[in-house]
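A structural walkthrough
Listed here are the chains, written in short residue letters.
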Amino acid sequence: MIERHSPVEIEQMRPAGVFVAAVLADLCARVRVGTNLLQIDAWAHEAIRRAGATSCYIDYHPSFGGSPFGHVICTSVNDAVLHGLPHDYALADGDLLSLDFAVSIDGWVSDSARSIVVGTPRTEDLELIATTERALAAAIEVARAGNRLGDISAAIGAVARDAGHLVNTQFGGHGVGRTMHGEPHVPNDGTAGRGLTLKPGLVIAIEPWLLQTTDRIYTDPDGWTLRSADGSRGAHSEHTIAITDGDPIVLTARPA
C-alpha cells in the first residue's frame, strides 16, 4: 500500500533524516586508508546507541538476503555497489567506498547513501560518484506534486546514459515511512509521464547507483553484497525526500 503523510508527520520525520545525514557525514570524514569496515559499523552502532535510535538493518532479512543482516550499515567497496556486508577488511589507498545507512527515530525512518574515494582518487571513480549525485539531483528536481513517478526514473536514466552508463532497474528507490522499504518501487530508469501521479505527503527514497561498464550484478557468497558482473566499480547516492505542494523536502540533506 502506498502511504501519504500529513505535514505534521513529515515534520516528525525530520529528526531521523538529520541524524542519518550527520552520521554519514561523520563517517565519511573519519574514514582513512587502513580503516576497517567493522570499525565503520562499530562507529555507526555507537552513534545509534547514543541517539536512542533503532537500526533498520541489523535484523533485516528480506527474501533477497541470505540471513539477517547483522550489522547497522552497508559498506560496499569497489566492485560491490549495494548491500555490502561489513567484514574484516582494511580499506586500501584508492578504494571506492559506498555507505548506506537507515534508522528509525520515534518510529519514523530515513535512509541515505554516499560514496567516497579513500586516499588517492582515480578520475573515473570521482566521475562515477558525480554522475550518481547529478542523477539524484535531477530526480529530486522533478519530484513534485502533479508529476509522475516515471519522471523521477526518467531523470535518473537520462543522466546515467548521457554519461555512458547502463542502468539496472532491479534495485532502486522505495517508499519510506514507518518502515524502511515500502511502496512504491522507484526504478532508476523509466518513461517520463508514466506511472503513479505524485501527490503531497508521499515520502520516498531516491537512490541512483551505477557501475562503470555493466548493468549486471551478482550476489556475493556472503548472501548480501551485490557486485558487478565484470568487476567494474560502483557508486551509490541516496536521499529520503517528501513530496509537498511546493518544492520537495530533502529530509536527509547533508550538513552544511
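Please refer to the structure higher up on the page.
Residues numbered from 1 in each chain as written. Predicted model: local features only at pLDDT ≥ 70, side-chain atom pairs only at ≥ 80, totals over all residues. Heavy atoms only, no water.

1. Some words on the side chain of His5
As for its position among the elements, His5 is in the segment before α1 (7-30). Leaving out residues up to four positions away in the same chain, His5 has contacts with Ile10, Met13, Trp108, Val176, Gly177, Gly201 and Val203. (Helix = DSSP H or I, 4+ residues; strand = E, 2+ residues; numbered from the N terminus. Contact = heavy atoms within 4.5 Å.)

2. Digging into the sheet that holds strand β11 (residues 226-228)
Note: strands within a sheet are paired through backbone hydrogen bonds, in either parallel or antiparallel orientation. Spatial ordering of the open sheet is given by β3-β11-β10, a layout of three strands whose pairing is antiparallel. Of all the strands in the sheet, just β3 (80-82) and β10 (217-219) have a single pairing partner and so form its edges. In this sheet, neighbouring strand axes are inclined to one another by 45° on average, regardless of whether the strands run parallel or antiparallel. (Pairing = 2+ DSSP bridges. Axes fitted to C-alpha atoms, helices over the stretch in contact; angles between N-to-C directions.)

3. Examining the environment of Thr169
When you line up the elements, Thr169 lands in the loop between α4 (149-162) and β6 (173-175). Between the C-alpha atoms of Thr169 and Cys56, which are 113 residues apart in sequence, the distance is 23 Å.

4. Description of the packing of α1 against helix α2 (residues 37-51)
It is at 11 Å that the axes of α1 and α2 come closest, and there the two elements cross at 145°. For the element pair α1 and α2, the recorded crossing hand is right-handed. For the pair formed by α1 and α2, the contact residues are Phe19, Val23, Leu27 and Arg30 on the first element and Ile40, Trp43, Ala44, Ala47, Ile48 and Ala51 on the second. Of the residues in the contact of α1 with α2, the class split is nine nonpolar, no polar and one charged. (Left-handed = near helix turned anticlockwise from the far one by under 90°. Nonpolar A, V, L, I, M, F, W, Y, C, P; charged D, E, K, R; others polar.)

5. Let's talk about the sheet that holds strand β7 (residues 182-186)
Spatially, β7-β6-β8-β13-β14 is the arrangement adopted by the five strands of the open sheet, whose pairing is antiparallel. Edge positions in the sheet fall to β7 and β14 (249-250), since each has one partner strand and no second. For β6 and β7, the ladder comprises two bridges, and the chain directions are antiparallel. From the neighbouring strand, Gly175 faces β7, where its bridge partner is Gly182. Along the sheet, α4 contacts β7 and β8 (203-206); its crossing angle with β7, the most-contacted strand, is approximately 45°.

6. Let's talk about the state of the cysteines
Throughout the structure, instances matching the rule amount to zero disulfides. Distance from the sulfur of Cys28, which forms no disulfide, to the nearest cysteine sulfur (Cys74) is 14 Å. Cys74 supplies the cysteine sulfur nearest to Cys56, a cysteine that is in no disulfide, at a spacing of 11 Å. Exposure remark for Cys56: the relative accessible area of 16% places this residue in the buried category. (Disulfide = S-S within 2.5 Å. Buried < 20%, exposed > 50% of the residue type's maximum accessible area, 1.4 Å probe, protein only.)

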